[in-house]
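Coordinates in review
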Amino acid sequence: METVAVQTKLEHWQEVKSHPLHVPAYEEVCQVLTNCLQANFKDVAVSVAACPDLTQAPFHLASPGITGKPKLVDVGGVPNLIPLVTRSKIYNLRDVADQIGMPDCFFIGAGAGSSRLAGTNCELMPNVHIGKQKIESRFAKVNPLDGSCEVIHYDSTEFGLLGNFLATEGVSGQVIKVEVSHRTGDKNFVTCMREGLGAHYDDKPVGIGGVFLIEKGSAKYHVMPDFSKIPLESDAAVDGWLKFYHTSAPFTCLSTFISHDPGLDLRVDHTHGFNLKGDGGHYHYDVTPTDVKYTGYFVVAEQIFRIDPPTKTHQIGRD
């Protein structure tokens with residue numbers, strides 16, 4: 001499987017590449033995930049199941065399902081944000097949909113909102129059905145007066161700097177259902193699955209996208225404050241700049257991850273979450289291991305698109 005250069009739809013995008021992904025049978029993926037999750041959680045159940053209606057609470061998605069020609073898309077990247085921001089990097093999901101040949105698709109994932117629209121740097125929980133013109137996205141920002149987290153509906157398809165998305169037709173179908181509880185290991189839910197797939201499939205890239213719910217327990221997340229005026233040149237500097245918070249269940253997370261980077265300078269996993277209590281941002285891990293319960297619905301992507309990767313790259317701030 002080779003990476004292919006794709007003609008870019010927009011002149012200001014540096015380049016666009018696509019790469020076919022390894023697509024094992026869902027039953028096989030279930031077994032691989034079961035094996036790795038059992039090393040990190042006491043209770044594990046993974047199966048192929050019909051996708052529930054994800055427009056309903058507590059998921060609140062813009063489409064009932066997450067199946068239909070699933071693709072992963074990685075746009076921009078962390079080097080557009082740090083050490084210092086490149087404010088000109090503004091994107092639109094409508095352009096992305098056209099670029100990947102799915103002009104009416106459904107997007108979920110994690111990214112940065114447009115500071116031009118939000119008035120500040122912010123975390124984006126993209127949740128958009130282009131064809132149905134339905135936007136259920138939210139963004140999280142830091143209140144500069146008291147440091148609190150604010151989550152606001154975001155009625156635009158514009159985003160900035162970076163984004164990791166699952167793109168599908170948004171239809172109901174068969175998915176991989178993952179239920180785990182009582183964490184016994186030190187890996188978070190997403191890392192455990194990503195590394196387990198990587199250990200099994202080695203250099204065959206398996207891409208996963210979907211939604212999961214923290215049903216019980218509490219979790220740690222961060223929200224970016226406004227752009228740093230001082231260059232952030234280490235992970236420690238980034239951690240000192242970010243604002244960290246805790247949330248309690250329910251917390252709905254939109255996630256993408258890939259088991260192996262086939263030379264595309266990818267962010268290998270990225271998850272943002274929200275709830276209706278005013279919490280939202282970048283998911284890190286649960287903080288109540290004996291009490292936590294996760295339920296997720298995932299699909300295996302057929303292809304990944306890499307759009308406008310930064311010309312100068314680094315690995316800082318990708319956790």
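Everything below is about the structure shown above.
Model, not experiment: these values are computed from the prediction. (Residues numbered from 1 in each chain as written. Predicted model: local features only at pLDDT ≥ 70, side-chain atom pairs only at ≥ 80, totals over all residues. Heavy atoms only, no water.)

**Re the overall build of the chain**
Convention followed: Each helix is a run of DSSP H or I of at least 4 residues and each strand a run of E of at least 2, with the numbering of both proceeding from the N terminus. Using C-alpha atoms as the atom set, the radius of gyration is obtained and then compared with a globule rule of 2.2 Å times the number of residues to the power 0.38. With a 1.4 Å probe rolled over the protein chains alone, any residue whose accessible area is under 20% of its type maximum counts as buried; one over 50% counts as exposed, and the rest are partly exposed. We call two residues in contact when some of their heavy atoms are within 4.5 Å. Calculation of accessible area relied on Shrake-Rupley with a 1.4 Å probe; when residues are assessed, cover is drawn exclusively from the protein chains displayed.
A count of helical and extended segments in the chain gives five helices and 21 strands. In terms of overall size, the chain behaves like a compact globule, its C-alpha atoms giving a radius of gyration of 18 Å where 319 residues would be expected to give roughly 20 Å. Considering only C-alpha atoms, the chain reaches an extent of 45 × 45 × 35 Å along its principal axes. Relative to its full complement of 319 residues, the chain shows a buried share of 59%. Excluding contacts between residues fewer than 6 apart, the proportion of contacts in the chain whose partners are at least 24 apart in sequence is 77%. Of the roughly 12700 Å² that the chain leaves accessible, carbon and sulfur atoms contribute 48%.

**So, unusual backbone geometry**
Here the residue pair A57 and P58 is connected by a cis peptide bond, since its omega of 5 degrees sits within 30 degrees of zero. Of note, the bond from A249 into P250 is cis; its omega dihedral lies within 30 degrees of zero at 0 degrees. Turning to its location among the elements, P250 is positioned in the loop between strand 16 (243-248) and strand 17 (251-258). Positive phi outside glycine occurs at H60, with the angle close to 60 degrees. For H60, the location among the structural elements is in the loop between strand 3 (41-50) and strand 4 (71-76). The phi dihedral of D265 is positive, around 55 degrees, even though this residue is not glycine.

**Here we look at the pairing of strand 4**
Defined as follows: Here, any two strands with at least 2 DSSP bridges between them count as paired.
In terms of burial, strand 4 is a largely internal element, six of the six residues being buried. Across six bridges, strand 4 lies against strand 12 (residues 158-168) in antiparallel orientation. When the bridges of strand 12 are listed, V73 appears paired with F165. As judged from the five bridges shared by strand 4 and strand 21 (residues 303-307), these two strands associate in the parallel manner. Bridging across to strand 21, D74 finds its partner in R306.

**Examining the sheet that holds strand 18 (residues 269-274)**
Here is the rule: To obtain each axis, a line is fitted to C-alpha atoms, and for helices this fit is confined to the stretch in contact; angles are then taken between N-to-C directions over 0 to 180 degrees.
Strand order across the open sheet formed by nine strands is 3-13-20-14-17-18-19-15-16, with antiparallel pairing between neighbours. Both edges of this open sheet fall to strand 3 and strand 16, since each of them pairs with a single strand only. Mean inter-strand twist for the sheet, computed between neighbouring axes without regard to direction, equals 30 degrees. The sheet contact formed by strand 18 and strand 19 (residues 280-286) spans three bridges and is antiparallel. Within the sheet, the bridge partner assigned to G273 lies in strand 19 and is G281. With respect to the sheet, helix 1 (residues 26-38) is in contact with strand 3, strand 13 (174-183) and strand 20 (293-300), its orientation differing from that of strand 3 by roughly 170 degrees. Along the sheet, helix 4 (residues 189-201) contacts strand 3, strand 13, strand 14 (207-216), strand 17, strand 18, strand 19 and strand 20; its crossing angle with strand 17, the most-contacted strand, is approximately 20 degrees.

**Details of the packing of aromatic side chains**
Heads up, the condition is: Pairing of aromatic rings covers Phe, Tyr and Trp, the last counted by its six-membered ring, and requires centre-to-centre distances within 6.5 Å; plane angles under 30 degrees mean stacked, over 60 mean edge-to-face, and any other angle means tilted. Think of it as a cone above the ring: NZ of Lys or CZ of Arg counts as a charge over the ring if it is within 6 Å of the ring centre and within 35 degrees of the ring normal.
On inspection of all chains with the given rule, the structure shows 15 aromatic pairs. An angle of 75 degrees between the planes, with centres 5.0 Å apart, marks the rings of F189 and F212 as edge-to-face. You can see F189 sitting in helix 4 and its partner F212 sitting in strand 14, a full 23 residues away along the chain. Given the relative accessible area of 0%, F212 is considered buried. A connected cluster of aromatic rings, assembled from ring pairs, spans F41, F189, F212, F257, Y283, Y294 and F298. In this structure, K220 packs its charged tip against the face of F244, placed 4.6 Å from the ring centre.

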